[in-house]
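Inside the fold
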Amino acid sequence: MSQTIRTLLRPRLTGAANELKRINQGNHRSRIFMFGAVGMAFWIGSFILFFRVLTYFRSVEDFGNILAVKLLSMMIITFFALLIFSSIINSLSHMYLSRDMSLLLAMPVSIQDLFMSRWLGCVFDSSWMVVAFSLPVLLSYGLVFKAGFGFYLTALGAVLCLCMIACAASSLIVLLGAAALPAGKIRTLFVIFGVALAILLIVVLRIIRPEQLVNPDSFASVVLYLNSMQALSVPYLPTTWISDTIRFSLTADWKMSLFNLGLSASFAFSLIFINQVTADKLYFRGFSRAQTTARR
């Protein structure tokens with residue numbers, strides 16, 4: 001990280017430190033305690049739920065491990081979808097609609113350094129909750145499968161790669177979209193699109209009835225059942241690489257686990273490089289279009 005990026009990030013870090021001091025010195029401890037208690041209750045409830053489900057899956061002969069892997073794959077896909085939507089909104093807010101962008105663009109700072117500083121803030125704001133609430137899921141998998149300490153390090157690295165891939169892909173979409181439409185209109189469109197997508201996802205899940213996947217008797221043969229369980233595995237998707245990283249680390253197959261982790265990390269850094277090149281060409285054009293959006 002260059003000195004320019006660290007300088008651009010310093011106001012954010014200083015503001016966060018001052019906010020923590022104000023909370024410790026003020027009357028906000030009760031609020032922090034309340035939200036902390038709610039978050040801890042959700043964390044513990046998620047751990048207990050996944051631990052009991054995985055324990056039951058492990059007790060099912062032959063199909064238990066397959067069900068556990070498919071549950072992991074579905075969770076990774078869910079996290080990725082949440083990260084994509086959250087990152088798009090945060091990218092628009094941090095890079096185009098923030099009030100201090102006019103001041104920062106007037107400074108003698110390169111577009112790439114400015115873009116990276118805002119992108120890093122977007123990554124943190126979009127990913128911290130997904131990382132925090134993926135920990136009980138990974139912990140339950142590690143305890144049920146009796147994995148070693150290397151599993152937790154590999155799984156944490158896989159989740160971080162997932163966050164970087166989702167945020168990099170989202171910022172690339174925002175860079176291309178903001179060059180054609182004002183950023184304010186894009187944010188409104190994505191909010192509407194997100195609501196419509198959530199409704200569509202619920203309808204699709206009810207149509208395909210995923211609960212039938214845990215009932216082998218509903219299939220004509222074991223082969224059809226196994227094929228249906230493999231339906232979500234697409235080898236060219238980043239979510240598959242992340243799932244395979246965690247899955248192989250559970251069984252201590254470190255060669256395949258590290259291969260998929262390296263594949264995910266290289267793809268993430270490639271997307272970051274593409275973002276920097278694209279930002280150098282299109283970022284200022286998109287910011288100029290964002291200034292035509294009516295302020296509320």
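In this text, all values refer to a predicted model and were calculated from it rather than measured experimentally. (Residues numbered from 1 in each chain as written. Predicted model: local features only at pLDDT ≥ 70, side-chain atom pairs only at ≥ 80, totals over all residues. Heavy atoms only, no water.)

What follows deals with the pattern of salt bridges. Within the structure shown, the criterion is met by 1 salt bridge. Between aspartate 244 and arginine 247 there is a salt bridge, and its shortest N-O distance comes to 2.9 Å. Separated by 3 residues within a single helix, aspartate 244 and arginine 247 lie in helix H9 (residues 238–250), roughly one turn from each other. In this structure aspartate 244 comes out as buried when scored by relative accessible area, which is 16%. Overall, arginine 247 belongs to the partly exposed group, its relative accessible area being 28%. (Salt bridge = Lys/Arg side-chain N within 4 Å of Asp/Glu carboxyl O. Helix = DSSP H or I, 4+ residues; strand = E, 2+ residues; numbered from the N terminus. Buried < 20%, exposed > 50% of the residue type's maximum accessible area, 1.4 Å probe, protein only.)

Moving on, we get to the nonpolar core. With 62 residues, the main nonpolar core has Tyr96, Trp119, Tyr141, Ile246 and Tyr283 as its most contacted residues. Residue assignment for this core shows that the elements contributing at least two residues are helix H1 (3–25), helix H2 (29–59), helix H3 (64–95), helix H4 (101–105), helix H5 (111–144), helix H6 (149–178), H9 and helix H10 (254–290). The greatest single-element share of this core, amounting to 15 residues, is contributed by H6. When sequence neighbours within four positions are dropped, the list of residues in contact with tyrosine 141 reads Leu54, Ala68, Leu71, Leu72, Phe151 and Leu250. (Core = buried A, V, L, I, M, F, W, Y, C linked by side-chain atoms within 4.5 Å. Contact = heavy atoms within 4.5 Å.)

Where H3 contacts H5, the two axes come as close as 9 Å, and the packing angle between them is 155 degrees. It follows that H3 is roughly antiparallel to H5 by the angle criterion. The crossing of H3 and H5 is right-handed. Partitioned by chemical class, the residues of the contact of H3 with H5 number 14 nonpolar, 9 polar and 2 charged. (Axes fitted to C-alpha atoms, helices over the stretch in contact; angles between N-to-C directions. Parallel < 35°, antiparallel > 145°, perpendicular 65-115°, else oblique. Left-handed = near helix turned anticlockwise from the far one by under 90°. Nonpolar A, V, L, I, M, F, W, Y, C, P; charged D, E, K, R; others polar.)

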